[in-house]
Amino acid sequence: MKDRIFGVLQRVGRSFMLPIAVLPVAGLLLGIGSSFTNETTIATYGLQGILGSGTMLNALLVIMSKAGSVIFDNLPIIFAVGVAIGMAKAEKEVAALSAMIAFLVMHVSINGVLTITGKVLPDGSVAADVLEGTVASVFGMQTLQMGVFGGIIVGLGVAALHNRYHKIVLPNALSFFGGSRFIPIISTVVYVGVGILMYFIWPAVQNGIYALGGLVTGTGYLGTLIFGIVKRSLIPFGLHHVFYMPFWQTAVGGTMVVDGNLIQGGQNIFFAQLASPDVVHFSADATRYFSGEFIFMIFGLPGAALAMYRCAKPERKKAAGGLLLSAALTCMLTGITEPIEFSFLFVAPMLFVVQVILAGSAYMIAHILNIAVGLTFSGGFLDLLIFGILQGNAKTSWIRILPVGVIYFLLYYFIFSFLIKKFDLKTPGREEEDEETKLYTKADVNARKSAGAGDGGEAGEDEDQASAAIARGLGGAGNITSVDCCATRLRCSVDTPELVNEKLLKATGAVGVIKKGQGIQVIYGPNVTVIKANLEHYLEHAPKIKETALYGGSENNGGKDSVKHDGEGGSPDRTPDAGPDQDNIPHTGRRILLSPFNGTAAPITEAPDEAFASRAMGDGYMVIPSDGQVVAPEDCEVVFVFPSKHAIGLRNAQGMEYLIHVGVDTVKLDGKGFETFVTDGQKVEKGHKLMEFDLEFIRKHAASDACMTVFTGLKEGQEIHMEKTGDVKALEEIAWY
């Protein structure tokens, strides 16, 4: 039940991301437009000649301000459409149209009841006995003041109707109206009833929301501290969007009358005040839900990054420094914290506890100091410049962020340094000798390639290979039921969570993987939208196969293996499609394995990498190569070629799957030093050249040149027995199972 709830909340949270994503551009338009059309600001900077009333720039800025305002003024319908798109499982465009229709129908139904009951007069005005703030105008209709909650109610409801009925089959006489055409019809009918029902229910709900908002506001600085701690604590689970959105966009975050209009939600109040010429100082009670972010995003977390760099091993400082500097600059400029936070979240959770406490206190301190700087997305320098510095210290008290920020920089630096050294925490640059120092790898490269292509065309071969690896890591294309993303995470739902392979996902460049029931979050960073688009394109034409073993092993829909094992260590039963290699199985039940390499053979337990040596990835054998040639050890099919070319998955005629892996940590070479001669799905004969690699380059740039052959498709009780150790030639007998 807990996992099911998490899965639902994850879907709701990611559905909020589409409407939230438009707020930064709306905020920028409104912030820049309002700043430089404000007469006080123009006079302060002496810009009357170019920005004064009647100038061309003034007219352009007025238009920009209005363009930003219209988005904030119509957030309810934007959320209705965005949530419906996010929650719909297919034909999302139908859900979007249906949500817009349902939104209008619900509010016109409410307007009808208000008119019938005399609360709205025939001329469209509101009756004198109606309480202020309970009625609002939506697209010219007098209706109940539901705010963003009204849009969410519509979006969730329409998505539920869509997911249930979008494949409905009606009787022949009505068949034209079946399938997706039925959704706007049923949505219209249902939301007539919802609108009538809201007339009776919403006033009580609204009073409850106001009471909750009053409780939050009434707790003062303590409430701000609790808000900050809870929000940061939810970051690893990706549920922070669900938590903070009501405070930013609804009456839970407070209400205020600005220029005669009742405004709900902290962020909405700030932007309403931003657009008003009469505000002396923005409300710190409204901005308490985000002003503190500037303190720990611009100052605090970079201090943590410096501490991790200073604590790195001398030989790894250069690699760690480049990664941490990039993550720190991203955090400072844009307010995207996950590259830094996830660099220590999984390897040193106690540091994340420190981060949560310090970040939560930053929200409270900003509130205490009356700092009132708004933001659109996150607390980076760009938002501080537009919504703090340009607005002036008199309105925002932004200058107080600087001394507090310096204190937080020192707190983060010294606390992180002490804990890392005291407990020998494995932060970037302090990993074990056989582990790689990294934050992001291949996924970022592929995303940059795709973003740089600029032709708007379909994903290229590299992107398809990366997507194929991600799909395999998620249990195969047949295991993935939905794909979405937020700012930094690929958010997927899967049919069978047990098939998700965290090691394979991390090999594609993920910093972390979070599994909660059928909800899977893979953290890639800011380029995740490109990764998501490539994965969706790949899934459109990929065979719907589920993985049954690490790095491979597949089952078709209800498929069957071509080899059945009759007991522990027993021999395979012959089946009609077992293939010609059955003759390679002696009467003893052994299957002889040939080496793909020239070199020195040894058991896999001697591999210089714990993941291989512990057999966590499967049993097999190791060869220290004497040259860079890799050949097919038998007639087989190429299941996949890794995007970085360092590994190839094979499947023989009996269905046994195995991985040929060249070197240790060679994924970070990004294909340099490797050349492959096969492609996914290609059938090859014994001795066919699979790969060449530059042995000297590998020895110089990788942790080890050891080559592993790992059998991922072994049945329970089967194991690899070495037939020969020491010098071995390609296609010479090396082991058996």
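Residues numbered from 1 in each chain as written. Predicted model: local features only at pLDDT ≥ 70, side-chain atom pairs only at ≥ 80, totals over all residues. Heavy atoms only, no water.

### With respect to a nonpolar patch on the surface
Convention followed: Residues with no salt bridge and a relative accessible area higher than 30% make up the patches, which join like charges within 9 Å and nonpolar side chains (Val, Leu, Ile, Met, Phe, Trp, Tyr) within 5 Å. What sets the accessible areas is the Shrake-Rupley method with a 1.4 Å probe; for residues, cover comes only from the shown protein chains. Salt bridge, as applied in this entry: a Lys or Arg side-chain nitrogen positioned within 4 Å of an Asp or Glu carboxyl oxygen. In this text, helices come from DSSP runs of H or I with a minimum length of four residues, and strands from runs of E with a minimum of two, each type numbered from the N-terminal end. Remark: exposure states derive from per-residue accessible area (1.4 Å probe, protein chains only) relative to the maximum for the residue type, with buried under 20%, exposed over 50%, and partly exposed in between.
Side chains of V192, I196, L197, F200, I201 and V205 sit close together on the surface and give an oily, nonpolar patch of about 500 Å² of accessible area. Looking at the secondary structure, you find I196 in helix α9 (residues 182–218). The exposure class of I196 is partly exposed, given its relative accessible area of 38%.

### Concerning the sheet that holds strand β13 (residues 592–594)
Strands pair in a sheet through their backbones, by hydrogen bonds, and they do so in one of two ways: parallel or antiparallel. Rules: A pair of strands is labelled paired if DSSP reports no fewer than 2 bridges between them.
A sheet is described by the order of its strands in space; here three strands give the open sequence β13-β26-β24, paired in antiparallel fashion. Two strands lie at the open edges of the sheet, namely β13 and β24 (721–722), each paired on one side alone.

### Topic: the packing of helix α5 (residues 56–73) against helix α6 (residues 75–87)
So the rule is basically this: Angles here are taken between N-to-C directions and fall from 0 to 180 degrees, while the axes themselves are lines fitted to C-alpha atoms, restricted in helices to the stretch in contact. Roughly parallel covers angles under 35 degrees, roughly antiparallel covers those over 145, roughly perpendicular covers 65 to 115, and oblique covers all other angles. Two residues qualify as a contact provided that any one of their heavy atoms is within 4.5 Å of a heavy atom in the partner residue. Gly is placed with the polar residues, together with every amino acid not listed as nonpolar (Ala, Val, Leu, Ile, Met, Phe, Trp, Tyr, Cys and Pro) or charged (Asp, Glu, Lys and Arg).
In the contact formed by α5 and α6, the axes pass within 5 Å of each other and the chain directions differ by 65°. The pairing of α5 with α6 is recorded here as roughly perpendicular in orientation. When α5 is examined against α6, the residues I71, F72 and D73 are found in contact with a partner set consisting of L75, P76 and I78. Here the residues of the contact of α5 with α6 sort into five nonpolar, no polar and one charged.

### What to know about the sheet that holds strand β20 (residues 674–676)
Taken together, three strands build an open sheet; the order of strands is β16-β22-β20 and the sheet is antiparallel. If you trace the sheet from one side to the other, it starts and ends with β16 (629–631) and β20, each paired once. Within the sheet, the average angular offset between the axes of one strand and its neighbour, ignoring direction, is 15°. Two elements, β16 and strand β22 (residues 689–693), share three bridges in a ladder whose sense is antiparallel.

### With respect to helix α15 (residues 317–334)
Put simply, the test is: Multiply 1.5 Å by the residue count of a helix minus one, and that product is the helix's expected span. The arc refers to the directions leading from the helix axis to the C-beta atoms.
In this model α15 runs 25 Å from its N-terminal to its C-terminal C-alpha over 18 residues, within 8% of the 26 Å that 1.5 Å per residue would give. Along α15, the positions that sit buried rather than exposed are A320, G321, L324, A327, A328 and C331. Angularly, the buried residues of α15 cover 145° about the axis, an arc narrow enough to put them on a single face. In α15, the exposed positions angled more than 90 degrees off the buried face are occupied by K318 and L325.

### Examining the UniProt feature "active site" (unreviewed entry) in the protein chain
The following threshold applies: UniProt positions are given in the numbering used here, feature names are shortened, and annotations may be inferred rather than shown by experiment.
The UniProt entry lists C486 under the feature "active site" (unreviewed entry), expressed in the numbering used here. Here C486 shows up in the loop between β5 (480–485) and β6 (489–494). For C486, a relative accessible area of 5% corresponds to the buried category.

### Here we look at the side chain of Q145
Following the sequence through the fold, Q145 ends up in the loop between β2 (141–144) and α8 (147–165). Once you skip the residues sitting within four places of it in the chain, Q145 turns out to touch G133, T134, V135, A136, W202, Q206, Y210, L262 and Q264.

### Some remarks on unusual backbone geometry
For F139, which is not glycine, the phi dihedral falls at a positive 50°. Considering the arrangement of structural elements, one finds F139 in the loop between β1 (135–138) and β2. For F139, a relative accessible area of 47% puts it in the partly exposed group. A positive phi angle, close to 55°, is found at S397, a residue other than glycine. Look at S397 and you get buried, because its relative accessible area is 6%.

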